[in-house]
Structure formats: C-alpha cells, structure tokens
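Given next are the chains, with one letter for each unit.
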Amino acid sequence: MSESTVAPAPKIGFVSLGCPKALTDSELILTQLRAEGYETSKTFAGADLVIVNTCGFIDDAVKESLDTIGEALAENGRVIVTGCLGAKAGHATDNLIREVHPSVLAVTGPHATQEVMDAVHQHVPKPHDPFVDLVPEARGIAGIKLTPKHYAYLKISEGCNHRCSFCIIPSMRGDLVSRPIGDVLGEARALFESGVKELLVISQDTSAYGVDVKYRTGFWDGRPVKTRMLDLVATLGEIAKGYGAWVRLHYVYPYPHVDEVLPLMAEGLILPYLDVPFQHAHPDVLKRMKRPANGEKNMERIARWREVCPEIVIRSTFIAGFPGETEAEFQTLLDFMEEARIDRAGCFAYSPVEGASANALEGAVPDAVREERRARFMAVAERVSAAKLASRVGATMQVLVDSAPAMGRKGGVGRSYADAPEIDGTVRLLPPQKASKTLKVGDFVKARIVAAEGHDLVAMAL
Ligand code: SF4
C-alpha cells in the first residue's frame with residue numbers, strides 16, 4: 001500500500017454581523033464551505049482568507065462592519081465582503097466598501113452564496129479531497145485533564161506583564177500571551193460537552209486577558225468576539241448556561257474594568273465569586289510590592305461590588321511581614337480585613353524567592369515577627385470567615401457533589417458557589433433521610449445548611 005499525504009484543508013475565517021436574515025446567509029455560506037472541504041479558522045491570522053458578512057442597517061452597524069473589515073485586512077489581508085453593506089453606495093462611488101477599503105478581494109450584496117463561493121475558489125482553490133473534511137471534527141479538543149471529570153481548569157493566557165517584586169514568574173514564563181478567544185471558547189464548550197459542570201478560569205492575571213493582542217476581535221460560532229475579559233466571561237456564561245454548569249473566576253486584579261463583570265454575577269450567568277489576590281492593603285507596601293492596580297481604592301471597589309451583587313464571595317491571599325512593613329502598615333492590613341470582610345483569606349509570612357527584586361529591599365522583618373503577624377492576620381480572617389459561614393445556616397444552597405461513596409447513602413462532600421475546589425471549604429452532605437435518595441459525583445443538589453464547622457458547612461440534601 002502506498003502512503004499518501006493529505007494537504008491541510010484551507011482555512012476560512014468568517015465574521016457574521018447583522019440580523020437573523022444575515023445569519024442565515026452566513027449559515028448557507030458556511031455549510032457550502034464545509035461541504036467543499038474548507039475548514040473555518042477561529043482567528044483572522046490563522047485563516048487563508050476571511051469572509052465578512054456585513055450589516056448596513058444603522059450607522060453603528062455600518063461602522064462596526066467597516067471596522068471589522070479593517071481589522072481583518074490588517075491581520076490577514078485577504079478579505080471577501082458580503083451582505084447588506086456590500087450593496088451600499090459610497091459618497092463618491094457606487095460602492096462604499098471599495099471606497100473605504102479598496103484592497104478587499106471581492107464585494108457582494110446579501111443572499112449571494114454562489115458569488116461568494118466563486119470569489120473564494122478564485123483566491124483559495126478548493127481542497128483536493130473534500131471527502132476528508134466531511135468527517136466530523138474530532139471531539140477531543142479539550143485534551144487530557146487531570147481534574148475529576150466534573151470540573152476543569154480553563155487556562156486563558158500564559159505569562160504575565162507585571163513585575164511584582166516578590167515574584168519570578170514573568171522571568172520564567174515571559175510576558176502575557178493571551179490564547180485566541182475562539183480557542184478558549186471552543187475548549188470550554190468541549191469541556192462542557194464532556195461532562196464538566198464547573199469551569200475554573202485561570203491565568204496569571206485574568207483581568208489582563210487580551211491586553212497583549214490589543215483586545216483583537218476573534219471568532220466564536222461565526223461571530224466576532226473581542227479578546228477581553230468581559231466578552232470572554234459573558235460568552236463563557238452563555239455557553240455554560242446551556243449545560244447548567246458553573247463558571248468561576250480566579251486571579252482577577254481590582255482594576256476598574258472588573259466592575260463590568262459584576263452584573264453578570266448578579267444575574268447568575270457566572271458564579272458570584274472572585275479570587276482577587278490583594279496581597280496587602282497599605283498603599284506603600286503595595287507599591288514596594290509593585291502590585292498591579294496598586295493605586296486603586298480597594299475598599300471602595302469591594303463596597304461597590306457588594307452593592308451590585310450582594311451575594312458575592314471574595315477570596316484573597318495576603319503577605320505579612322513584607323520587607324519594610326511597619327507595625328502601622330500591618331495594622332492597616334488588619335483593619336482592611338475587618339472592614340472588607342473577605343470571605344476566604346489566606347496569608348503567608350513573607351519568604352524571599354531567589355531572583356526576586358524584593359530581596360534587595362531594605363527593612364527585612366525578622367522571621368518571628370513575620371510569623372507573628374501572619375498568625376494575627378489569620379485570627380481576624382478566621383473570625384470573619386466563621387461569622388460568614390454561620391450566617392448561612394438555615395439557607396438553601398446549590399451544591400456540586402465531589403464525592404459520594406456508596407451512592408451517597410452514607411453522605412458525601414460537595415461545594416457551593418462559595419467554595420473553589422482545593423483552596424476553599426466544602427459542604428459536608430449528611431446521609432439522605434429517604435432511602436430512595438442517592439448522591440452522585442458531578443450532580444448538583446439543593447441542600448439546606450444545618451451547621452457550620454470550621455471552614456466548612458454541613459447540609460442536608462433536599
Ligand atoms: S505575582 Fe505579579 S508578577 Fe507574579 S504572576 Fe502574579 S501578577 Fe504577575
């Protein structure tokens with residue numbers, strides 16, 4: 001038998017703007033492309049050619065269409081335009097698009113599948129063997145996961161643009177590189193398809209997502225989505241909704257734009273949970289730490305978050321005894337903890353990391369003092385946390401079951417929206433009262449909270 005190599009199928013980027021009618025045009029074109037063996041690209045840059053289906057209905061739509069064509073030209077260079085705007089006259093000529101973007105390869109009006117396909121064939125010839133591409137896409141884009149089947153981490157970027165003085169991650173992993181939003185969303189959907197019920201969004205700085213690519217427009221399901229936190233989170237929430245799954249955000253810094261995701265939490269699209277590594281509260285210590293958003297008024301920001309979404313749970317980590325930390329600065333941290341009532345707080349006594357610039361700072365705090373401050377901080381944190389947990393007794397919460405030996409007949413362990421796996425507390429589920437009631441790993445159950453125990457809650461599944 002002779003070996004043969006199959007050339008990779010050409011990739012077409014597709015942006016669909018406008019009303020449902022334009023969308024059905026897009027579906028026809030995409031269906032035809034797929035039938036002929038073309039693949040779709042999730043990025044402009046990764047495509048052999050980009051098709052933009054435009055809308056010319058109102059000024060904003062015209063601007064959006066022209067901007068999208070401009071972005072596609074800048075990032076790819078080979079662009080075919082179709083849709084309503086393609087039929088619109090310009091100021092000096094009979095075609096607005098050619099007037100604004102003379103380098104587009106072809107322009108058609110709406111409902112023009114064949115003309116679009118002719119233009120595609122002219123610039124990116126049909127793949128040699130279309131039958132190869134009629135095979136359904138592999139489902140395994142989520143790859144191997146080491147978490148239990150019902151939750152998964154979704155990494156949205158690598159590296160970090162910050163230079164916190166106690167950290168050497170940027171020197172190891174480099175500057176921020178955001179994953180293309182289409183890839184991230186595709187992976188999320190594949191994970192939900194595979195049974196994931198909780199998606200944990202992670203990175204070094206989730207709030208910085210897309211900064212490195214200037215919030216470039218990518219594709220998801222044939223529509224443009226900006227590579228930025230709000231768009232990512234909103235779309236993840238929408239996808240998760242279809243699967244009845246949770247989306248939880250980690251490593252978010254208190255930048256003003258983070259406020260925009262709070263309404264999504266209030267409306268239940270994503271979990272009202274934010275993991276914000278504050279590290280300290282005194283502005284001078286934060287400056288010495290070179291923390292992102294160190295100039296923000298964190299107390300005011302938290303108060304606003306709670307106004308918009310009263311049920312929000314905030315998790316954070318802190319460092320006690322950072323070089324130069326005075327007793328007064330540490331007291332500011334304790335006061336912050338009391339006032340901010342951080343639901344879940346961890347604290348480390350400062351410990352120098354080889355290669356970190358903080359090692360050169362003056363005013364090293366003696367080991368014993370660092371440890372003593374850590375313990376004082378944790379005493380406050382535990383009091384706050386215990387009071388918060390006690391206030392939940394009597395409430396009914398949704399609990400995701402993590403473990404349920406013997407089908408839960410002897411009870412099980414789960415988590416509510418307030419508990420991220422591994423780092424927060426758990427909800428201990430009592431054995432169900434009815435013999436017919438079972439618990440299953442990966443299921444959501446409604447449970448009434450009957451007691452608080454340390455960092456955990458005890459509940460009865462309803
Ligand atoms: S600690 Fe600072 S420098 Fe290190 S990864 Fe986090 S934000 Fe980046």
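Chemist: Which residues make up the overall build of the protein, and what are the values?
Modeler: When helices and strands are tallied, the protein shows 12 helices and 20 strands. Taking the principal axes of the C-alpha coordinates as reference, the protein spans close to 75 × 65 × 55 Å. The buried share of the protein, reckoned over its 462 residues, is 50%. Restricting the contact set of the protein to residue pairs at least 6 apart, pairs at least 24 apart contribute 73%. About 21600 Å² of surface is accessible on the protein, with carbon and sulfur atoms providing 55% of the total. Taking the average location of the 52 positive side-chain charges in the protein and that of its 59 negative ones, the two points are 6 Å from each other.

Chemist: Describe in detail the sheet that holds strand β2 (residues 39-41), supporting the description with residues and values.
Modeler: The strand order across the open sheet built from five strands is β2-β1-β3-β4-β5, with neighbouring strands paired in parallel fashion. Taken across any chain shown, the strands that pair with only one partner, and hence form the sheet edges, are β2 and β5 (106-107). As defined by bridge partners, strand β1 (residues 11-16) adjoins strand β3 (residues 49-54) across five bridges and the pair is classed as parallel. Across the sheet, residue I12 finds its bridge partner in β3, namely L49. Contacts between helix α4 (residues 113-123) and the sheet are confined to β1, β3, β4 (79-83) and β5, with β3 contributing the most and set at about 160 degrees to the helix.

Chemist: Which residues make up the packing of helix α11 (residues 327-340) against helix α12 (residues 367-390), and what values do they have?
Modeler: For the pair α11 and α12, interaxial distance at closest approach is 9 Å and the crossing angle is 15 degrees. As summarised for this structure, α11 and α12 are arranged roughly parallel, according to the angle between their axes. Of the two possible hands of crossing, α11 and α12 adopt the one that is right-handed. On α12, the residues that touch E327, F330, Q331, L333, L334, M337 and E338 of α11 are R373, R376, F377, V380, A381, R383 and V384. Looking at the contact of α11 with α12, its residues break down into eight nonpolar, one polar and five charged.

Chemist: Can you explain the site of the ligand? Please cite residues and give values.
Modeler: The full set of residues close to the ligand is C160, H162, C164, F166, C167, I169, P170, Q204, Y253 and R291. Grouping the amino acids of the shell around the ligand by side-chain chemistry returns seven nonpolar, two polar and one charged.

Chemist: Quick one: what's the story with the packing of helix α6 (residues 181-193) against helix α7 (residues 229-243), residue by residue and with numbers?
Modeler: For any two helices packed against each other, one specifies the crossing angle of their axes together with the interaxial distance. Following both chains from N to C, one finds α6 and α7 inclined at 20 degrees, their axes separated by 10 Å at the closest point. Classified by the angle between their axes, α6 and α7 sit roughly parallel to one another. Crossing hand, α6 versus α7: right-handed. Residue-level inspection shows I181, V184, L185, A188, R189, F192 and E193 of α6 in contact with α7, the latter providing L232, T235, L236, I239, A240 and Y243. Per-class residue counts for the contact of α6 with α7 are 10 nonpolar, one polar and two charged.

Chemist: Give me the lowdown on the side chain of H250, citing residues and values where you can.
Modeler: Here H250 is to be found in the loop between β12 (246-249) and α8 (262-266). Exposure remark for H250: the relative accessible area of 4% places this residue in the buried category. Setting aside chain neighbours within four positions, we find H250 in contact with L200, V201, I202, T206, Y273, D275, A420 and I423.

Chemist: Describe the sheet that holds strand β16 (residues 396-403), naming the residues involved and giving the relevant values.
Modeler: Strand pairing within a sheet occurs via backbone hydrogen bonds; the two strands may be parallel or antiparallel. The five strands are arranged β16-β17-β18-β20-β19 in a closed barrel whose pairing can be described as mixed. Within this sheet the neighbouring strands show an average axis-to-axis angle of 50 degrees, counted without direction. Judged from the three bridges that link them, strand β17 (residues 412-415) and strand β18 (residues 427-429) form a sheet pairing that is antiparallel. Residue pairing in the sheet places V413 in a bridge with R428 of β18.

Calculation criteria
- Residues numbered from 1 in each chain as written.
- Predicted model: local features only at pLDDT ≥ 70, side-chain atom pairs only at ≥ 80, totals over all residues.
- Heavy atoms only, no water.
- Helix = DSSP H or I, 4+ residues; strand = E, 2+ residues; numbered from the N terminus.
- Buried < 20%, exposed > 50% of the residue type's maximum accessible area, 1.4 Å probe, protein only.
- Contact = heavy atoms within 4.5 Å.
- Areas by Shrake-Rupley, 256 points an atom, 1.4 Å probe, with all protein chains shown as cover.
- Lys, Arg positive; Asp, Glu negative; His and termini not counted.
- Charge placed at Lys NZ, Arg CZ, Asp CG, Glu CD.
- Pairing = 2+ DSSP bridges.
- Axes fitted to C-alpha atoms, helices over the stretch in contact; angles between N-to-C directions.
- Parallel < 35°, antiparallel > 145°, perpendicular 65-115°, else oblique.
- Left-handed = near helix turned anticlockwise from the far one by under 90°.
- Nonpolar A, V, L, I, M, F, W, Y, C, P; charged D, E, K, R; others polar.
- Near = heavy atom within 4 Å.

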